[in-house]
Amino acid sequence: MPDVTLVDVFTHGGRGGNPCPVVADARGLDAESMRDVARRYGHESGFALPSDDGAHDLRFRFFVPNHEMEMCAHATIGTLWVLAREGRLPDSTVRIATGSGAVTGFVAPRGDGDWTIAITQPAGSVRPLAGEVEDAILTSLGIDRGTLADRPIHNAVTSRVKSLVPMRDAATLNALAPESDAVEAACTRIGSTGLYPYAVLDGPARLFEARQFPRASGYPEDAATGIAAAALAFGLLEDGLVAPDDRPIRILQGRAMGRLSEIRVRLGFADGRAIGCLLEGDVALNATP
């Protein structure tokens, strides 16, 4: 087993977050060895490798217990944090090759062995869902249309497609208890990698809450999902729930799991057009033995 550092990414008030095993030097590991790490810990895991080309500083790979993933935001942030802690970063701005394309990481020290980490995501694409596709999502979550807010269900994507399901309120959101098999069947049918039901906590403050039920990761729910939060930010923009500016959008996740987490998203614009976003979150060493 390689050297693994276990961190919590997207913590809220120093607690919660999504546990992430990180291998800061994955040279010599093949795909099955990396998947073994993810299986052993039961979480999405990040692996840092030298770049294969001159266009990037590093190459990251990501695994869940069941398979490799093209991109994982919290594992990217966690891996950058561990590399900064170990003095392995080439610069404060890092060009990273991933399976879904290039990602830029921005790393800034903030004292006491901690760093602020932000990563880029491309502009999101948002597509409303209706009819039988919508019905498949509602059935998988065990709810009906009356449980939802009066907004469309969307498939939205920056790096991976997520299905945004607008819940009536946070209490309804946190009462959801879907079966993993039903979630997988619905996601497969609609071309999504996870259901991301969400609720508005404070619209003017741009504060929201969400949960992520992944399609087939080997576990039923995520405590914090950066790629889904980025997709949600573009869905909120599409539905007029956030203004087109770069003020932070805060998304809480993981409350129902007892791991309340916080993801921050800043949308970027040029000439009035959304061109991408920055994902940011806090990281801490995981205290689990």
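Look up: the structure comes first, before these words.
An account of the accompanying structure is given in this report.

### Here we look at the overall build of the protein chain
Here is step 1 of the chain: Assigned secondary structure in the protein chain consists of six helices and 17 strands.
Here is step 2 of the chain: Scaling as 2.2 N^0.38, a compact globule of 289 residues should have a C-alpha radius of gyration of about 19 Å, and the protein chain matches this with 18 Å.
Here is step 3 of the chain: If you line up the protein chain on its principal axes, its C-alpha atoms span 50 × 45 × 35 Å.
Here is step 4 of the chain: Counting every position in the protein chain, which comprises 289 residues, the buried fraction comes to 52%.
Here is step 5 of the chain: Taking contacts inside the protein chain between residues at least 6 apart in sequence as the whole, the part at least 24 apart equals 61%.
Here is step 6 of the chain: When the accessible surface of the protein chain is summed, it comes to about 11800 Å², and 47% of that surface belongs to carbon and sulfur atoms.
Here is step 7 of the chain: Computed over 28 positive and 37 negative side-chain charges, the separation of the two mean positions in the protein chain equals 1 Å.

### Regarding the pairing of strand E8 (residues 114-122)
Here is step 1 of the chain: Pairing between strand E7 (residues 101-111) and E8: six bridges, direction antiparallel. Looking across to E8, one finds that Val107 is bridged to Ile117.
Here is step 2 of the chain: Hairpin connection between E7 and E8: a loop of two residues separates the two successive antiparallel strands, and Asp112 in this loop has a positive phi of roughly 55°.
Here is step 3 of the chain: In terms of strand pairing, E8 meets strand E17 (residues 273-285) through six bridges, oriented antiparallel. Note that in E17 the partner of Ile117 across the bridge is Gly281.

### Quick look at the pattern of salt bridges
Here is step 1 of the chain: Tallied over the entire structure, the rule returns 22 salt bridges.
Here is step 2 of the chain: Close ionic contact of Asp57 with Arg95 constitutes a salt bridge, the shortest N to O distance being 3.1 Å. Taken together, the residues span a long stretch of sequence, with Asp57 in the loop between strand E3 (45-50) and strand E4 (58-63) and Arg95 in strand E6 (residues 93-98) at a distance of 38 residues.
Here is step 3 of the chain: On the accessibility criterion, Asp57 (24% relative accessible area) is partly exposed.
Here is step 4 of the chain: The closest approach of N and O atoms between Glu132 and Arg189, which form a salt bridge, is 3.3 Å.

### As for the side chain of Asn18
Here is step 1 of the chain: Take Asn18: it is sitting in strand E2 (residues 18-23).
Here is step 2 of the chain: Of note is the side chain of Asn18, whose polar atom sits 2.7 Å from the backbone oxygen of Ala224.
Here is step 3 of the chain: Non-local contacts of Asn18, meaning those with residues more than four positions away in its chain, are made with Val7, Asp8, Val9, Glu44, His74, Asp222, Ala223, Ala224 and Ser261.

### Things to note about the environment of Gly194
Here is step 1 of the chain: As for its placement among the helices and strands, Gly194 is situated in strand E12 (residues 194-202).
Here is step 2 of the chain: The sequence separation of Gly194 and Ala97 amounts to 97 residues, and the corresponding C-alpha distance is 23 Å.
Here is step 3 of the chain: When sequence neighbours within four positions are dropped, the list of residues in contact with Gly194 reads Val161, Lys162, Ser163, Cys187, Gln212, Phe213, Pro214 and Arg215.

### Examining the packing of aromatic side chains
Here is step 1 of the chain: A full pass over the atoms with the stated rule returns three aromatic pairs.
Here is step 2 of the chain: Between Phe47 and Phe63, the ring centres sit 6.0 Å apart and the planes meet at 85°, which makes this aromatic pair edge-to-face. Pair noted here: Phe47 is in strand E3 and Phe63 is in strand E4, with a separation of 16 residues, a long-range link.
Here is step 3 of the chain: With relative accessibility at 0%, the residue Phe47 sits in the buried group.

### Some thoughts on the nonpolar core
Here is step 1 of the chain: Grouped together as the largest cluster of nonpolar side chains are 57 residues, with contacts concentrated most on Leu80, Tyr196, Ile249, Ile251 and Val265.
Here is step 2 of the chain: Residue contributions to this core peak at nine residues, all from helix H6 (residues 226-238).
Here is step 3 of the chain: Contact partners of Val265, with chain neighbours within four places excluded, come to Ala229, Ala230, Ala233, Arg247, Pro248, Ile249, Ile251, Cys277, Leu278 and Leu279.
Here is step 4 of the chain: Membership of the second largest hydrophobic core comes to 17 residues, among which are Leu129, Ile137, Leu141 and Leu173.

Reading the values: rules and limits
Residues numbered from 1 in each chain as written. Predicted model: local features only at pLDDT ≥ 70, side-chain atom pairs only at ≥ 80, totals over all residues. Heavy atoms only, no water. Helix = DSSP H or I, 4+ residues; strand = E, 2+ residues; numbered from the N terminus. Rg over C-alpha atoms; globule rule 2.2 N^0.38 Å. Buried < 20%, exposed > 50% of the residue type's maximum accessible area, 1.4 Å probe, protein only. Contact = heavy atoms within 4.5 Å. Areas by Shrake-Rupley, 256 points an atom, 1.4 Å probe, with all protein chains shown as cover. Lys, Arg positive; Asp, Glu negative; His and termini not counted. Charge placed at Lys NZ, Arg CZ, Asp CG, Glu CD. Pairing = 2+ DSSP bridges. Salt bridge = Lys/Arg side-chain N within 4 Å of Asp/Glu carboxyl O. Polar contact = N/O pair within 3.5 Å; in protein donor to acceptor, adjacent residues only side chain to side chain. Phe/Tyr/Trp six-rings, centres within 6.5 Å; stacked < 30°, edge-to-face > 60°. Core = buried A, V, L, I, M, F, W, Y, C linked by side-chain atoms within 4.5 Å.

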